[in-house]
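A closer look at the structure
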Amino acid sequence: MALQARDAQERKRHGRHYTPPELARFLARRALRYAPRAGVLRVLDPACGDGELLLAVHREIAAAAPDVTVRLTGYDLDPRAVEETAGRAGDLGLEIDCCAGDFLAASDRLADGSFDVIISNPPYVRTQQLGGATAQLLSKQFGLRGRIDLTHPFVAVAPRLLAADGVLGLLCANRFLTTRAGANLRRILTGELTPVELYDLGDTKLFAAAVLPAIAVATRTVCGADCRYVAAYEEVGAEPDCATELFDALAGDHGCLVRDGRRVFAVEVGVLDTGTPQEPSQMPTLPTKAVVVRAASEPTVGIPARVERHGDSAWRMSRPEVDRWLGLIADRTWRTFGDTARIRVGIKTTADRVFISDRWDQMDPSPEPELLRELITHHDLQPWRVSMARGTRVLYPYDLRQPRRTPIDLAEFPCAEAYLRSHEQALSGRRYVLDGGRKWFEIWVPQRPHLWGAPKLVFPDISERPRFALDRSGAVVNGDCYWISLTDLGDRATDLAYLLMGVANSALGLRFYDAVCGNRLYSGRRRWITQYVARLPVPDPSCPAAADIVRSVRALLEDGVPVADSGIDEVVAAAFGVSVDVADADHR
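Keep in mind the model is a prediction, meaning the values are calculated, not measured.

Here we take up the sheet that holds strand 21 (residues 469-471). One open sheet holds the 4 strands; their spatial order is 15-23-19-21, and the pairing between them is antiparallel. Of all the strands in the sheet, just strand 15 (344-345) and strand 21 have a single pairing partner and so form its edges. As paired elements, strand 15 and strand 23 (residues 481-485) share 2 bridges and run antiparallel to each other. Bridging across to strand 23, Val345 finds its partner in Tyr482.

Shown next as C-alpha cells:
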C-alpha cells in the first residue's frame, strides 16, 4: 500500500494521469476521422504513459482501414511506463518505437513533418510546480507568453512535426478554453492549426486527474467548415430524454440529456466561436466575441478600440438561439464590469494556519487586537449580504493608513512579534515571499490596505450561483473571494454598486455567465474569477430601466423587501431588452 501511495504521489507531482481506455478510444476515433488513410500512418504520442492512446489508434485503424500500415512512436520520461507500453504492444504482436527520455529535449532532433497523427495527453504540471526558471526557459524555447503549464510546449511543437495533412488529437484540462493562461494553446490551435472538433467534457469524471478535461482535434490543413463544439455537464435532478450512451451522445448531432451511471448529463452541441479579431467591417457585435478593451474612464463611442492579440479572446460555444439573445444584450450594454471598476482578489497569506483564526483569544501570546482584522471568507457570503457569524479574523501585519503595502514595525507590537517569532521557521521557509522582497512575517498578497475601510462589493471565487454582497464593515477580504471597492466607481458610487450587484445576482447574469464563460466545476459550481466577472454586461446607468434595478436593490437591502418580491429578475431582463422567461429559462 505504501508503494502504491508513493507511486500515486509521483504521478500527481509529474502530472502523470493515464488515459482510460474508453476515453482513449473516443479520442483516437475522432482524430482519425481527419487523418490520411493510405499507405503508412505515422503516429506519435509524446507522453505515452502506459501506451493506451497509441494502442487505441492501432485498434481503430485495424478495424476501419486494415490495409493501412501503422507505425507507432512513443516517448515518456518514466522508464517503467515505456517498458509497460512495449510489453502491452508485444502481447498484441505489435512493435512500438518507445523512447525513455525527455520528448521536449528530443523534439529538435525530429524532422519537420515526421508524423501524420500526434495524439497526446500531456503531463499536467502547472507553472508553480515547474518553477520560475524552467517556465521561463520553456517560454523562450517554444515562443510562449504569460503563465504556462507543461501542456503548452507539448502542443507548441506539434505543428512543426505534423505532415501537411496531419492531425493533432489532444486531451488536456478544459481551462485553456476560457482562461488568460490558456491563450498560448488557443493561439497555436487557431494560428498554426485548424480546430475541427472540440469537446468540453466538464464534470463527467471520465478522467481521473483533478482537472476537468477537454478534447481538441486540429489539422494542418485549412478547412472552411465550422469547428464542432460539444459540452457535457451534469444536470442535477434532470431525467434523461434519450437512451443513448454518453460517448454516442458526444458524437451525435443534437443536444440531449443522457444518463451515465447514476448521473445525468446535459450534452450541448454547437460550433466554436474563437472571438478572433477581424477586419473592422467584419467586427462581431456580440459581447462574447468582442475584441475591444477600454479603460473604465474612456467613453464607449467615438474612440479607437485597442484590439486584443490573436488568441487572447476566450472561446465559447455558438448556437443561434443563444447568439440572438446575446445580441439583444449587446445592444443595451453600456460597459462591462471590467470596464466599470477594478476587480481585485482578496488577500493570500500562504500560511493561513498562522495568520487566520477564529480563536485568537485562546492563544498565548495573542497579537495586539488592533492588528486582528475581521475577515470575510466565502463562508460569510450570501447574495446581497455578508454574514460574519464565524468571527474569523486575520493577523494583518500592515499599516492600514498607507495606500501601499507598508509592513508594521514589529518593535511597536511586542505581542504580535512574540507570536510571529513562534512561527518564524515556517514563515521564513516561504522562499517566494523573501525572494519577492518581503519581510519574513508578511503575507503574499496584501492588496491595498487603505481601501479595506471603504464600502465594497464582495463575491466568492467558487459558487454554484452568484453571491455578490455589499460590505460596509471595513473587513479584510480573504483570497477565496474577490472584491470591488466603491472608491473606484466615482460619482453615485452606491447606485452603480447596486446596479452591478443587481445584474450579477440576477437570472440573466447567471445565464450570461454560462453562455460567455462556461467554465463550470464539479456539481454545477462556477468560478467567479476576475476574467469571467469582467465580462458581465452593465446597462446605461442613466436609462430608466437601470434606475429600476437600483430601486429594486435598494428596497431589498435598505427596506428589507424579500428577494422573491424584489422583482430583480424582471427589471434586469427589461434593462437588456429580453423577456424574463427567456432570461430565467433552462439554458441547457
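Side-chain pairs of opposite charge can arise whenever the charged atoms involved come near each other. The tally for this structure, following the rule as stated, stands at 30 salt bridges. When the shortest N-O distance is used, the salt bridge between Arg401 and Asp399 registers 2.8 Å. Residue classification places Arg401 among the exposed residues on the basis of a relative accessible area of 69%. The partner of Asp495 in a salt bridge is Arg554, with the nearest N and O atoms 2.6 Å apart. Here Asp495 is found in helix 18 (residues 493-504), whereas its partner Arg554 is found in helix 21 (residues 544-558), with 59 residues between them in sequence. Taken together, the shared-partner salt bridges in this structure form one network comprising Asp50, Glu52, Arg59 and Arg88.

Glancing now at the side chain of Arg316. Note that Arg316 resides in strand 13 (residues 316-318). Polar side-chain contacts of Arg316 include one of 2.5 Å to the side chain of Asp323.

So, on to the nonpolar core. The biggest cluster of nonpolar side chains holds 53 residues, and the ones touching the most others in it are Phe337, Leu457, Phe468, Leu489, Met501 and Val533. Of all the secondary-structure elements, those providing two or more residues to this core are helix 12 (320-331), strand 19 (456-460), strand 23, helix 18, helix 19 (507-516), helix 20 (530-533), helix 21 and helix 23 (568-575). No other element matches the 9 residues that helix 18 contributes to this core.

The next subject is the packing of helix 2 (residues 21-32) against helix 3 (residues 52-64). Contact geometry for helix 2 and helix 3: axes closest at 8 Å, N-to-C directions at 55°. It follows from the interaxial angle that helix 2 and helix 3 lie oblique. The element helix 2 and its partner helix 3 pack so that their crossing is right-handed. Contact with helix 2, carried on its side by Pro21, Ala24, Arg25, Leu27, Ala28, Arg29 and Leu32, involves Glu52, Leu53, Ala56, Val57, Glu60 and Ile61 of helix 3 and no other residues of that element. Its residues assigned to classes, the contact of helix 2 with helix 3 shows 9 nonpolar, no polar and 4 charged.

A word on the state of the cysteines. Within the structure shown, the criterion is met by 0 disulfides. Free cysteine: Cys242, not disulfide-bonded; nearest cysteine sulfur from Cys256 at 3.4 Å. Cys242 gets classed as partly exposed once you look at its relative accessible area, which sits at 25%. Judged by its relative accessible area of 9%, Cys256 falls in the buried class.

Now for the sheet that holds strand 18 (residues 393-395). Overall, mixed pairing links the 4 strands, which are arranged 16-18-17-22 in an open sheet. Strands at the two margins of the open sheet, each flanked by one partner only, are strand 16 (356-357) and strand 22 (476-477). With 2 bridges joining them, strand 17 (residues 372-376) and strand 22 adopt parallel strand pairing. In the sheet register, Leu375 faces strand 22, and the bridge partner there is Val476.

By the criterion of burial, strand 8 (residues 228-234) is predominantly enclosed, with 7 of the 7 residues buried. Pairing of strand 6 (residues 194-200) with strand 8, which is carried by 4 bridges, proceeds in the parallel orientation. Each residue of the ladder has a partner; that of Glu197, found in strand 8, is Arg228. Pairing analysis gives 7 bridges linking strand 8 to strand 10 (residues 263-273), with the strands arranged antiparallel. In the strand pairing of strand 10, Ala231 is matched with Glu268.

Positionally, Cys223 belongs in the loop between strand 7 (213-219) and strand 8. Judged by its relative accessible area of 34%, Cys223 is partly exposed. Residues Cys223 and Thr194, spaced 29 residues apart in sequence, show a C-alpha to C-alpha distance of 7.3 Å. When near neighbours in sequence (up to four residues on either side) are disregarded, Cys223 contacts Thr194 and Val196.

What counts, and where the lines are drawn
Residues numbered from 1 in each chain as written. Predicted model: local features only at pLDDT ≥ 70, side-chain atom pairs only at ≥ 80, totals over all residues. Heavy atoms only, no water. Pairing = 2+ DSSP bridges. Helix = DSSP H or I, 4+ residues; strand = E, 2+ residues; numbered from the N terminus. Salt bridge = Lys/Arg side-chain N within 4 Å of Asp/Glu carboxyl O. Buried < 20%, exposed > 50% of the residue type's maximum accessible area, 1.4 Å probe, protein only. Polar contact = N/O pair within 3.5 Å; in protein donor to acceptor, adjacent residues only side chain to side chain. Core = buried A, V, L, I, M, F, W, Y, C linked by side-chain atoms within 4.5 Å. Axes fitted to C-alpha atoms, helices over the stretch in contact; angles between N-to-C directions. Parallel < 35°, antiparallel > 145°, perpendicular 65-115°, else oblique. Left-handed = near helix turned anticlockwise from the far one by under 90°. Contact = heavy atoms within 4.5 Å. Nonpolar A, V, L, I, M, F, W, Y, C, P; charged D, E, K, R; others polar. Disulfide = S-S within 2.5 Å.

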